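# Summary of structural features
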Amino acid sequence: MIADINQWFLSLGAEYGVNPYIFGGIYVGAIPFFLASIAWLVKRARAGRSTVVPTLCAGFCFVSAYIYLAIAGRNIPAWVWIFLAALIVYGAWSTIRDTRRKIAAPDED
């Protein structure tokens, strides 16, 4: 049963030109860097310093797996791109909202 699921999972990658394990590795591997970038952004914002670089780092980590999909993928259906765009927009809105709350919260130190 597990071998069948694994085979189906890998067949999706072959059909679209991406390795699902690489995509998943990038997706999961970027999470700690994304969180570190957000913490860096909050720290710099509270200190009144520029947040451009940490924002760019967080944004790159947020979309890194999809960049891999865009570069390596082929024959990706339009509905996948629409769904990913919706996820990115919602995730960006949610992250901005939560980051603003963290910046506005009093320091816990």
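Reading the values: rules and limits
- Along each chain, numbering runs from 1 in the same order as the chain's sequence is written.
- pLDDT decides what is reported in this predicted model: residues at 70 or higher carry local features, side-chain atom pairs at 80 or more are listed and counted, and totals for whole chains, interfaces and linings draw on all residues regardless.
- Only hydrogens and water are set aside when side-chain values are computed; all heavy atoms of the structure are taken into account.
- Each helix is a run of H or I in the DSSP string that is no shorter than four residues. Each strand is a run of E no shorter than two, and both are numbered from the N terminus.
- Buried, partly exposed and exposed residues are distinguished by accessible area as a fraction of the type maximum, computed with a 1.4 Å probe on protein chains only: under 20%, between the cut-offs, and over 50%, respectively.
- Any two residues whose heavy atoms approach within 4.5 Å are treated as being in contact.
- Cavity means a closed set of points on a 1 Å grid over the protein atoms alone, one where a 1.4 Å probe fits but cannot get out, pocket means an open set with protein on both sides within 12 Å along at least 5 of 7 lines, and lining means a residue has an atom within 4 Å of a point.
- Grid points are joined across faces, edges and corners, and a volume is the space filled by probe spheres set on the points.
- Classification convention: Asp, Glu, Lys, Arg as charged; Ala, Val, Leu, Ile, Met, Phe, Trp, Tyr, Cys, Pro as nonpolar; all other residues, Gly among them, as polar.

Moving on, we come to the overall build of the protein. In terms of regular secondary structure, the protein is built from four helices and zero strands. Ordered by position from N to C terminus, the α and β elements of the protein give α-α-α-α. By principal-axis analysis of the C-alpha atoms, the protein measures approximately 50 × 30 × 20 Å. Burial status across the protein gives 22% buried among its 109 residues. In the protein, the proportion of contacts linking residues at least 24 apart, taken out of those at least 6 apart, comes to 66%.

Next up on the list: the layout of surface pockets. The volume enclosed by the largest pocket comes to roughly 440 Å³. Listed by contribution, the elements that provide at least two residues to the lining of the largest pocket are α1 (2–16), α2 (20–46), α3 (52–72) and α4 (78–104). When grouped by side-chain class, the residues that make up the lining of the largest pocket number 15 nonpolar, one polar and no charged. Roughly 300 Å³ of internal volume is contained in the second largest pocket. Around the second largest pocket, the lining comprises 14 residues; the ones closest to its centre are Y27, I31, C61, F62 and Y66. Elements with a minimum of two residues in the lining of the second largest pocket: α2, α3 and α4. Considering every element that reaches the lining of the second largest pocket, the biggest residue donor is α3, with six residues. When grouped by side-chain class, the residues that make up the lining of the second largest pocket number 12 nonpolar, two polar and no charged.

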